[in-house]
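# Structural characterization, general
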Amino acid sequence: MHSSYLAKPAAPIRRGPFVPAALAFALALAGMGSGAADDAAMIEAGRELALEICAKCHVVAAGQPPPVLRPPAPSFSDIAARPDLDEAWLRAFLSRPHGGERRTSAMAPFLLSASQADQAIAYLMSLKPQ
Ligand code: HEC
């Protein structure tokens, strides 16, 4: 019977025990779809976060109001351009209160939430020279 090929995929879904597996598979597929659009949203969220918090001390984007910290902290474009700077380093730096462990740091101690750190990292990494 030729139609059995078409009927097969629907069968497991109707049977209770297979529903969670089917659902998990669908969710996994949805998760894999996190592509350029999600990245762009993440970078934009990081840019907004940076303009709100980090711009008080750093130049984080062209055209922002001047930082209040004098002298300003290094600009985000300068930080991003450092060849040794990568996601792992940023994550380590931003997951500790700034200035806490680094006694010589002039950066005020404050802590970002994990999701805020993700956004800030996405934005900083997007500023890396291509
Ligand atoms: C109160 C001022 C202040 C704020 C707010 C601030 N920074 Fe900084 N930041 C500094 C100063 C000063 C330095 C340079 C001294 C240092 O490296 O610790 C710095 C350095 C850095 C560095 C480079 C560290 C290094 O070792 O080169 C990164 C990355 C950074 N800041 C990220 C951020 C991010 C992301 C935010 C916003 C979520 C932010 N900063 C907010 C003052 C600030």
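Note that this is a predicted model, so its numbers are computed, not measured. (Residues numbered from 1 in each chain as written. Predicted model: local features only at pLDDT ≥ 70, side-chain atom pairs only at ≥ 80, totals over all residues.)

## Some points on the packing of helix H6 (residues 87–94) against helix H7 (residues 114–126)
For any two helices packed against each other, the geometry comes down to the angle between their axes and how far apart the axes lie. At a closest axis distance of 10 Å, the pairing of H6 and H7 adopts a crossing angle of 140°. Put simply, H6 runs oblique to H7. Crossing handedness for the pair H6 and H7: right-handed. Contacts between H6 and H7 involve Glu87, Leu90, Arg91 and Leu94 from the former and Ala117, Ala120, Ile121, Leu124 and Met125 from the latter. For the contact of H6 with H7, the residue count by class is 7 nonpolar, no polar and 2 charged. (Axes fitted to C-alpha atoms, helices over the stretch in contact; angles between N-to-C directions. Helix = DSSP H or I, 4+ residues; strand = E, 2+ residues; numbered from the N terminus. Parallel < 35°, antiparallel > 145°, perpendicular 65-115°, else oblique. Left-handed = near helix turned anticlockwise from the far one by under 90°. Contact = placed C-beta atoms within 7 Å. Nonpolar A, V, L, I, M, F, W, Y, C, P; charged D, E, K, R; others polar.)

## Comments concerning helix H4 (residues 36–52)
An ideal rise of 1.5 Å per residue puts 24 Å on 17 residues; H4 measures up with 24 Å between its terminal C-alpha atoms. For H4, the complete set of buried residues consists of Gly46, Arg47, Leu49 and Ala50. Down the axis of H4, the buried set is contained in an arc of 165°. They therefore lie on one face. What points out from H4, more than 90 degrees from its buried face, is the exposed set Ala37, Asp38, Ala40 and Glu52. Those residues of H4 hidden inside the fold are in contact with helix H5 (76–81) and H7. (Expected span 1.5 Å × (residues − 1). Buried ≥ 20, exposed ≤ 12 C-beta atoms within 10 Å, placed from the backbone. Arc of directions from axis to C-beta.)

## With respect to the nonpolar core
One finds Leu49, Ala50, Cys54, Ala55, Val60, Phe76, Ala120, Ile121, Ala122, Tyr123, Leu124 and Leu127 forming the largest nonpolar core, which totals 12 residues. Taken together, the elements giving at least two residues each to this core come down to H4 and H7. Here this core takes 5 residues from H7, the largest share from any one element. Phe76 has contacts with Ala50, His58, Val59, Val60, Leu124 and Leu127, leaving out every residue within four places of it along the chain. (Core = buried A, V, L, I, M, F, W, Y, C linked by C-beta atoms within 7 Å.)

## Details of the environment of Ala61
Take Ala61: it is sitting in the loop between H4 and H5. Ala61 gets classed as partly exposed once you count the C-beta atoms within 10 Å, which come to 17. Discounting chain neighbours no more than four positions away, the residues touching Ala61 are Arg47 and Leu51.

## Quick word on the confidence of the model for the protein chain
Counting all residues, the mean pLDDT for the protein chain is 77, and 65% of those residues have values of 70 or more. Across the protein chain, H5 holds the top mean pLDDT of 95, while helix H1 (residues 4–7) sits lowest at 45. Under a pLDDT of 50 for its full length, residues 3–15 has, in the predicted model, 5 contacts with residues more than four places off or in other chains. (pLDDT = per-residue confidence, 0-100.)

## Some details on the packing of H4 against H7
Close contact between H4 and H7 brings their axes to 7 Å; oriented N to C, the two are set at 100°. In terms of their interaxial angle, H4 and H7 are classed as roughly perpendicular. Only Gln116, Asp118, Gln119, Ala120, Ala122, Tyr123 and Ser126 of H7 make contact with H4, whose side of the interface consists of Asp39, Met42, Ile43, Ala45, Gly46, Arg47, Leu49 and Ala50. The residue inventory of the contact of H4 with H7, partitioned by class, reads 8 nonpolar, 4 polar and 3 charged.

## Section: the environment of Tyr123
The topology assignment puts Tyr123 in helix H7. As a C-alpha pair, Tyr123 and Phe76 span 47 residues in sequence and 9.3 Å in three-dimensional space.

## Notes on unusual backbone geometry
Geometrically, the link from Arg70 to Pro71 is a cis peptide bond, its omega value of -10° lying close to zero. Along the chain, Pro71 turns up in the loop between H4 and H5.

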